[in-house]
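Working through the structure, step by step
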Amino acid sequence: MTDQYQNFSHSPLGQFVTKNLGLPQPPKLQRFERATPVLEGAVLFGAAANSIFVAGISQVLANIHANSYAGNNPKLQQLAARVGLNLGAFNIGDKESKFKALIFDASGIAQSQDLQQLYAFFQPLMRQVSASGRVVVVGLNPQQAKTVAQATAQRALQGFVKSLAKELKKGITAQLLYVDPDAEGNMESSLRFVLSPRSAYISGQVLYIQHDAQVQHMDWQQPLLGKTALVTGASRGIGAAIAQVLARDGAHVICLDIPAQQQDLQAIANQIKGSALALDISQANAGMQILAAAQSQGGLDIVVHNAGITRDKTLANMPQQAWDVVLDINLSAIERINHHLLSHQGLNAQARMVCISSISGIAGNMGQSNYATSKAGVIGLVEYTAPTLAQGMTINAVAPGFIETQMTATIPFAIREAGRRMNAMSQAGLPIDVAEAIAFFAQPASGGLNGNILRVCGQSILGA
Ligand code: NAD
């Protein structure tokens, strides 16, 4: 479904009208296209005194060949040079230069007074980030802090980043990466993702990165080569986009959907040279059937629980059947399938599971008590399964906001318009935005991400 308001706001008449009436002007977001580099433009790198991730960040900037600069910070330049990153000198106060990304290592911030260093680095630069630019703050997971003062100051970073995400317009995003002290070598997949156009509709988010000993040499062009993925609900909408993106990144994808969708399902599977599995995930033996289908493909490396339904009614008007079917398909079926896969060694080593939640599961939503319960349950499933998994396996969730699909096309016009505009980007996301986040969690290099809930919502005001 096209966003006619967005198209109108970019026409000469629309620009005039929206400006004069103070209406939102949704920016055109730069999205990933094949062969787009991670970053097109210069990066300014800064760090608080005594920060511990400078070498790790420098290594990633060197790996992606970023045109990188530092302000007046010879120590930072020296540390970066040790890993082969040449940080050009930037004269703070030069108002002409534009940056595609600002990266700040805030891990050295040990007490509230040190937060002043955020102001000192970012304040002069707020008007110098280019369209669809990126702001990334790297902090220390407050749970790992040594003192209350350090945990407090690190926790404060969230308010700062979420505010910048709201202030920076033009499709600029801001994210916070909390990294465990021993996880410096596990930042690369996250930094690449948040810096690149793949994260176009994600802003104001926090990712937690832990140590993963299994870091491997990665083919960043085809990170999923040789992997087998299962995507449920793959015949249309977000599921079809997930299947396409995982296949683009090299995976063989088993596309699953209900038998009634067989024709569309087969078309997607053919398009991406994957396979089709017509199956209702609410069937008691769904896990067994999935396992049987995966066996001829060498077992499962990636499982994406995307299939989901809505049956919206206020609780006062909701028939029991609408409650039961939503809870069963959106939550209980995932539990049953995971239980079967995990208890029958149905997942390969370093498997990646990704579940689709929703901001309704975070914020709750009028008329969606059944759906929001199921999607909050998905968050619980991810958070409480993560620490129980065998070493190397991960489970994460993506929580979409308002995404243009057949599911949201059925929402009444006024509510649909509100859903589209109530976020920092003043527009709905696209299925590809959710798919890119899933492909990022599915990468072998994302082993340090376990138990994360990543919102793909343009920083929706719901549940923020
Ligand atoms: P959609 O209705 O377009 O697609 C869902 C797919 O799941 C359909 O192909 C459907 O046939 C399949 N499916 C439903 N029940 C199934 C079952 N029992 N077994 C197998 N397949 C089944 O929906 P969408 O908008 O693409 O949503 C995909 C996921 O994203 C869902 O989990 C949804 O709750 C979630 N989500 C969507 C949005 C949004 O704005 N579109 C927002 C938040 C979360």
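Everything in this summary refers to the structure shown in the same document. All figures in this text were calculated on a predicted structure; none of them were measured in a lab. (Residues numbered from 1 in each chain as written. Predicted model: local features only at pLDDT ≥ 70, side-chain atom pairs only at ≥ 80, totals over all residues. Heavy atoms only, no water.)

1. Re the overall build of the protein
The helix and strand tally for the protein stands at 16 helices and 14 strands. Computed over C-alpha atoms, the radius of gyration of the protein comes to 22 Å, within 12% of the 23 Å expected from 2.2 N^0.38 for 464 residues, which places it in the range of a compact globule. Within the protein, the fraction of its 464 residues that count as buried is 56%. Taking contacts inside the protein between residues at least 6 apart in sequence as the whole, the part at least 24 apart equals 74%. Accessible surface, the protein as shown: approximately 19600 Å² in total, 53% of it carbon and sulfur. Counting 32 positive and 28 negative side-chain charges, the protein places the averaged centre of each group 6 Å from the other. (Helix = DSSP H or I, 4+ residues; strand = E, 2+ residues; numbered from the N terminus. Rg over C-alpha atoms; globule rule 2.2 N^0.38 Å. Buried < 20%, exposed > 50% of the residue type's maximum accessible area, 1.4 Å probe, protein only. Contact = heavy atoms within 4.5 Å. Areas by Shrake-Rupley, 256 points an atom, 1.4 Å probe, with all protein chains shown as cover. Lys, Arg positive; Asp, Glu negative; His and termini not counted. Charge placed at Lys NZ, Arg CZ, Asp CG, Glu CD.)

2. Focus: the packing of aromatic side chains
Across all of its chains, the model carries 9 aromatic pairs by this definition. Ring centres of F104 and F122 lie 5.7 Å apart, and the angle between their planes is 65°; this geometry places the pair in the edge-to-face category. Of this pair, F104 sits in strand β4 (residues 99-105) while F122 sits in helix α5 (residues 116-122); the two residues are 18 residues apart in sequence, bridging distant segments of the chain. With a relative accessible area of 3%, F104 lands in the buried category. Over the aromatic face of F32 sits the side chain of R198, whose NZ or CZ is 3.8 Å from the ring centroid. (Phe/Tyr/Trp six-rings, centres within 6.5 Å; stacked < 30°, edge-to-face > 60°. Lys NZ or Arg CZ within 6 Å of the ring centre and 35° of its normal.)

3. Some details on the pattern of salt bridges
Under the criterion given, the structure shown has 9 salt bridges. R198 is the partner of E436 in a salt bridge, and the nearest nitrogen-oxygen pair spans 3.7 Å. On the criterion of sequence distance, the pair formed by E436 in helix α16 (residues 431-442) and R198 in the loop between α7 (188-195) and β7 (205-209) is long-range, its members being 238 residues apart. E436 sits in the buried class, given a relative accessible area of 3%. (Salt bridge = Lys/Arg side-chain N within 4 Å of Asp/Glu carboxyl O.)

4. Quick word on the sheet that holds strand β2 (residues 67-70)
The sheet built from 7 strands is open, its strands ordered β3-β2-β1-β4-β5-β6-β7 with parallel pairing. A strand with exactly one partner marks an edge of an open sheet, and here the two such strands are β3 (88-89) and β7. Where strand β1 (residues 42-47) and β4 come together, 5 bridges link them in parallel fashion. Its bridge partner lying in β4, V43 is registered against A101. Helix α4 (residues 74-82) rests against β1, β2 and β3 of the sheet, and its axis sits at about 110° to β1. Contacts between helix α6 (residues 148-167) and the sheet are confined to β5 (129-140), β6 (173-179) and β7, with β6 contributing the most and set at about 160° to the helix. (Pairing = 2+ DSSP bridges. Axes fitted to C-alpha atoms, helices over the stretch in contact; angles between N-to-C directions.)

5. Side note on the nonpolar core
Within the largest apolar cluster, 74 residues are counted, with the highest numbers of intra-cluster contacts made by L61, L246 and V253. Both domains that meet at this core, namely domain 1 (38-209) and domain 2 (228-456), each give it at least three residues. One finds L300, V326, A351 and L381 within the second-largest nonpolar core, a separate group that totals 39 residues. (Core = buried A, V, L, I, M, F, W, Y, C linked by side-chain atoms within 4.5 Å. Domains from an automatic or database assignment.)

6. As for the sheet that holds strand β13 (residues 394-400)
Spatially, 7 strands are ordered β10-β9-β8-β11-β12-β13-β14 in an open sheet, and the strand pairing comes out parallel. The open sheet has two edge strands with one neighbour each: β10 (275-278) and β14 (453-456). Strand after strand, the sheet turns through a mean of 20° between neighbouring axes, direction not considered. Pairing of strand β8 (residues 228-232) with strand β11 (residues 300-305), which is carried by 3 bridges, proceeds in the parallel orientation. When the sheet's bridge partners are listed, L230 is paired in β11 with V303. Contacting β11, β12 (347-356), β13 and β14, α16 crosses the sheet at an angle of about 165° to β13.

7. Describing the site of the ligand
Close contacts around the ligand come from 29 residues, with R236, D257, N306, Y371 and T405 the closest. One of the side-chain nitrogen or oxygen atoms of S235 is found 3.2 Å away from an oxygen atom of the ligand. A distance of 2.8 Å is found between a nitrogen atom of the ligand and a side-chain nitrogen or oxygen belonging to D280. Protein contacts shield 95% of the accessible area of the ligand, which totals 820 Å² for the unbound molecule. Elements represented by at least two residues in the shell around the ligand include exactly α8 (237-248), β9 (252-257), α13 (369-385) and α14 (406-409). Class assignment of the residues belonging to the shell around the ligand gives a composition of 14 nonpolar, 11 polar and 4 charged. (Near = heavy atom within 4 Å. Polar contact = N/O pair within 3.5 Å; in protein donor to acceptor, adjacent residues only side chain to side chain. Nonpolar A, V, L, I, M, F, W, Y, C, P; charged D, E, K, R; others polar.)

8. Concerning the pairing of β10
Sheet topology note: the β9/β10 ladder contains 4 bridges and is parallel. Its bridge partner lying in β10, C255 is registered against A276. In this view, the connection linking β9 to its parallel neighbour β10 by way of helix α9 (residues 262-271) has right-handed handedness. (Right-handed = clockwise from strand over helix to strand, strands pointing away.)

9. Side note on the side chain of Q427
Its location among the elements puts Q427 in the loop between α15 (413-421) and α16. Q427 has contacts with D3, Q6, P26, P27, L29, Y201, R420 and R421, leaving out every residue within four places of it along the chain.

10. Some thoughts on a nonpolar patch on the surface
On the surface, M422, I461 and L462 cluster together into a nonpolar patch covering about 240 Å² of accessible area. Take I461: it is sitting in the segment after β14. (Patch = residues over 30% accessible without salt bridge, like charges linked within 9 Å, V, L, I, M, F, W, Y side chains within 5 Å.)

11. Re unusual backbone geometry
Despite not being glycine, K170 shows a phi value in the positive range, around 55°. By relative accessible area, which is 41% here, K170 ends up partly exposed. The backbone phi angle of Q459 is positive, close to 55°, even though this residue is not glycine. Looking at the element boundaries, Q459 is found in the segment after β14.

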